Amino acid sequence: MAKRKDIDNLLANWPYQPGDVMARVVKASDGREVLQMRIDLGVMQLEVDGRPDGARPQGAETYFDYLLSLVIHKGDDFVLTVEQCAEADREFVQFYHRRICWLTLRRFRKAVKDADHTLGFMDFAKQHSPDEEWTLSHEQYRPFVLFHRIQAAALAVLEDQGPEAAIGEINRGLDRFRSLFEEYDAGERFDDDELVKRLVELQDSLRNHYKVGRTLDEQLADAVAAEQYELAAKLRDKIAGRGSKRN
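Residues numbered from 1 in each chain as written. Predicted model: local features only at pLDDT ≥ 70, side-chain atom pairs only at ≥ 80, totals over all residues. Heavy atoms only, no water.

**Student:** Hey, could you run me through unusual backbone geometry in this one?
**Tutor:** With glycine set apart, most residues show a phi of negative sign, and most peptide bonds adopt trans. Backbone geometry at Gln58 places phi at a positive 55°, although glycine is not the residue there. By the secondary structure assignment, Gln58 is in the loop between strand S3 (42-47) and helix H2 (63-74). The backbone of Lys211 shows a phi angle near 55°, a positive value even though the residue is not glycine. Inspection of the secondary structure assignment puts Lys211 in the loop between helix H8 (194-210) and helix H9 (216-225). (Helix = DSSP H or I, 4+ residues; strand = E, 2+ residues; numbered from the N terminus.)

This is the structure we're talking about:
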């Protein structure tokens, strides 16, 4: 009997739910873990490490790594070709799919790692882009990727270090967001941005759930702004002591 090649049983046992990111980690036939994402017309399977499709472009771990090696040899005036732009776009899409799967599965450290890859690749693409249109086609998604990165980092830190550290992570992320808005002369839109509001809501929910007031880092910023330098020195000592205890 010929071996079946359809995936009818797989699809029937894992119904698609419109509007939901459906992901799971399963064992492949060789024993390695793979990530699967249910989509409308089937299932996507991604590798959990390296490039999501498992490819090694020109022997590099990712296409971004391969392009970085080209810059080393060709210099900073390197400009991406049409073909290289297309390959870069493929990798952006692959890492997007894996990142949203990790977020759904609450694998926050992995989501942070994939978001950092994308943000780094965006920086590279902006520097070596062939034209402004291609640059903006990626830059328009930077706030969304940054939002995922901040959210995932805060929730990872919450698990490892507690609510105060998570609140601090969100504050640092909001600073990055503000810098991004100012870079594009849109600072006045910062407070009304939907992604910024969602991060503030996450921060407020952490404060309320864990009954956290102003953190030491926030108290330090308040003291410096108010020119209360003696208080600021004491707070710095407390923060330094907290860090030494963790180590």
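**Student:** Even after reading the chapter, I still don't get the sheet that holds strand S2 (residues 33-39), so can you show me in this structure?
**Tutor:** The pairing of strands in a sheet comes from backbone hydrogen bonds and takes either a parallel or an antiparallel form. Judged by pairing direction, the sheet is antiparallel, and its 3 strands sit side by side in the order S1-S2-S3 without closing on themselves. Of all the strands in the sheet, just strand S1 (22-27) and S3 have a single pairing partner and so form its edges. If you compare each strand with its neighbour and ignore which way they point, the axes differ by 30° on average. Sheet strands in contact with helix H3 (residues 82-104) are S1, S2 and S3, and its direction is about 95° off that of S2. (Pairing = 2+ DSSP bridges. Axes fitted to C-alpha atoms, helices over the stretch in contact; angles between N-to-C directions. Contact = heavy atoms within 4.5 Å.)

**Student:** Is there a simple way to think about the packing of helix H4 (residues 108-128) against helix H5 (residues 132-139) in this case?
**Tutor:** Packing of H4 against H5 leaves a shortest axis separation of 9 Å and a crossing angle of 165°. Between H4 and H5, the angle falls in the class roughly antiparallel. You can see that H4 and H5 cross each other, and the crossing is left-handed. Facing Met122, Ala125 and Lys126 of H4, the residues of H5 in contact are Trp134, Thr135, His138 and Glu139. (Parallel < 35°, antiparallel > 145°, perpendicular 65-115°, else oblique. Left-handed = near helix turned anticlockwise from the far one by under 90°.)

**Student:** How should the nonpolar core be read in this particular structure?
**Tutor:** Grouped together as the largest cluster of nonpolar side chains are 56 residues, with contacts concentrated most on Leu67, Phe121, Phe124 and Phe177. Residue assignment for this core shows that the elements contributing at least two residues are S2, H2, H3, H4, helix H6 (142-161), helix H7 (163-183) and H8. The greatest single-element share of this core, amounting to 10 residues, is contributed by H6. Apart from residues lying up to four places away in sequence, Phe177 is in contact with Pro143, Leu146, Phe147, Ile150, Phe190, Asp193, Leu195, Val196 and Leu199. If you look at the next biggest cluster of nonpolar residues, it comprises 6 residues, including Leu216, Ala223, Ala232 and Leu235. (Core = buried A, V, L, I, M, F, W, Y, C linked by side-chain atoms within 4.5 Å. Buried < 20%, exposed > 50% of the residue type's maximum accessible area, 1.4 Å probe, protein only.)

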